[in-house]
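Notes for the structure review
For reference, the chains in residue letters:
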Amino acid sequence: MTLGIIGTGRIGSTLARILVAAGRPVVLANARGPHTLAPLVAELGPAARAATADEAADRADVLVLMVPFDGGPGLLPAAAVHGKVVVDAMNAFGPGGVPRDLGGRASSELVAEWYPDARVVKSLNTMHFETLAVAGKAPGERLAHYVAGDDAKAKEIVAEILTDLGFAAVDTGSLHAGGILQQPGGPLFNRPLTEAQAWEWISR
């Protein structure tokens, strides 16, 4: 299963590294063009390829959006992600890094409106890149990574990837309720928790 990562900043490139280390091929894209990804692709080796965003959407089985939230609308033609599992790893920050007021909605609900035929799962947005880089290898109980969505099979696919990377996959529920738990301002955002600790916070 090939994963496409659109957005190759610190978190996107960290995700690419741990995916390749786990034996998962990746297709990478960013706003500046495939030629700017040559150093990262060379570092990652033959399991990684650079592409445009549209090409990444076409070639990947699962697509991960890791661009700034404001760059999400119109990033891809809606037809490019028809029926595809799309992981919303974006965070809706406003000016000064303050969580944006979305009127009680989860940011992933907006993503699902931008791409109505995609199978949107909220995941991979809660962990700082430095924690992500080492957490799956840490001894002891696995740290939790979360999945939220309205498509049960899509959540299972993402949960399997998280498990392969060394995390405990925790289902936080629907795109609305689970997404709110995970996004900035929610109790699970940027809070490294074990699976047991995560369930304790969810049940509060």
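Now for a description of the structure that goes with this document. (Residues numbered from 1 in each chain as written. Predicted model: local features only at pLDDT ≥ 70, side-chain atom pairs only at ≥ 80, totals over all residues. Heavy atoms only, no water.)

A two-sided burial pattern is seen for strand β5 (residues 85-88), the buried positions comprising V85 and V87 on one face and V86 and D88 on the other. In this structure, strand β4 (residues 62-65) lies alongside β5, joined through four bridges in parallel fashion. From the neighbouring strand, L65 faces β5, where its bridge partner is D88. Summarising the sheet, β5 and strand β6 (residues 119-122) pair through four bridges and their orientation is parallel. Residue pairing across strands places V86 opposite V120, the latter belonging to β6. (Buried < 20%, exposed > 50% of the residue type's maximum accessible area, 1.4 Å probe, protein only. Helix = DSSP H or I, 4+ residues; strand = E, 2+ residues; numbered from the N terminus. Pairing = 2+ DSSP bridges.)

What follows covers the pattern of salt bridges. Within this structure, the stated rule accounts for eight salt bridges. Between R24 and D164 there is a salt bridge, with its nearest N and O atoms 2.4 Å apart. Here R24 is found in the loop between α1 (10-21) and β2 (26-29), whereas its partner D164 is found in helix α6 (residues 152-164), with 140 residues between them in sequence. By relative accessible area, which is 43% here, D164 ends up partly exposed. The partner of R119 in a salt bridge is D151, and the shortest N-O contact between them spans 2.8 Å. Of the two residues, R119 is situated in strand β6 and D151 in the loop between β7 (144-149) and α6; the sequence distance between them amounts to 32 residues. Given the relative accessible area of 24%, R119 is considered partly exposed. Judged by its relative accessible area of 23%, D151 is partly exposed. (Salt bridge = Lys/Arg side-chain N within 4 Å of Asp/Glu carboxyl O.)

In this section: the nonpolar core. In this structure, L15, L19, L28, L44, V64 and L124 are the most contacted members of the largest nonpolar core, which totals 33 residues. Sorting the residues of this core by element identifies β1 (3-6), α1, β2, α2 (38-44), β4, β5 and α6 as the ones contributing at least two each. Within the second largest apolar cluster, 24 residues are counted, among which are A57, L63, V86 and V111. (Core = buried A, V, L, I, M, F, W, Y, C linked by side-chain atoms within 4.5 Å.)

Each parallel crossover has a hand, and for β5 linked through helix α4 (residues 107-114) to β6 it is right-handed. Of the pairings in the sheet, the one linking β6 to β7 comprises two bridges and is antiparallel in character. Of the residues in β7, the one forming a bridge with K122 is A148. (Right-handed = clockwise from strand over helix to strand, strands pointing away.)

The relative placement of two aromatic rings is captured by the distance of their centres and the angle of their planes. By the definition in use, this model includes two aromatic pairs. Look at F69 and W114: their rings are 5.1 Å apart centre to centre, the planes differ by 45 degrees, and that puts the pair in the tilted class. On the criterion of sequence distance, the pair formed by F69 in the loop between β4 and β5 and W114 in helix α4 is long-range, its members being 45 residues apart. (Phe/Tyr/Trp six-rings, centres within 6.5 Å; stacked < 30°, edge-to-face > 60°.)

This brings us to the side chain of R24. For R24, a relative accessible area of 10% puts it in the buried group. Reaching out from R24, the side chain makes a polar contact with the side chain of D164 at a distance of 2.4 Å. (Polar contact = N/O pair within 3.5 Å; in protein donor to acceptor, adjacent residues only side chain to side chain.)

Moving on to the sheet that holds β4. With respect to topology, eight strands assemble into an open sheet ordered β3-β2-β1-β4-β5-β6-β7-β8, the strand pairing being mixed. One side of each edge strand has no neighbouring strand; the edge strands of this open sheet are β3 (48-50) and β8 (168-173). Neighbour-to-neighbour, the strand axes of this sheet turn through a mean angle of 25 degrees, independent of strand direction. Sitting on the sheet, α1 touches β1, β2 and β4, and the angle it makes with β1 is about 165 degrees. Here helix α8 (residues 195-202) sits on the sheet in contact with β7 and β8, set at roughly 10 degrees to β8. (Axes fitted to C-alpha atoms, helices over the stretch in contact; angles between N-to-C directions. Contact = heavy atoms within 4.5 Å.)

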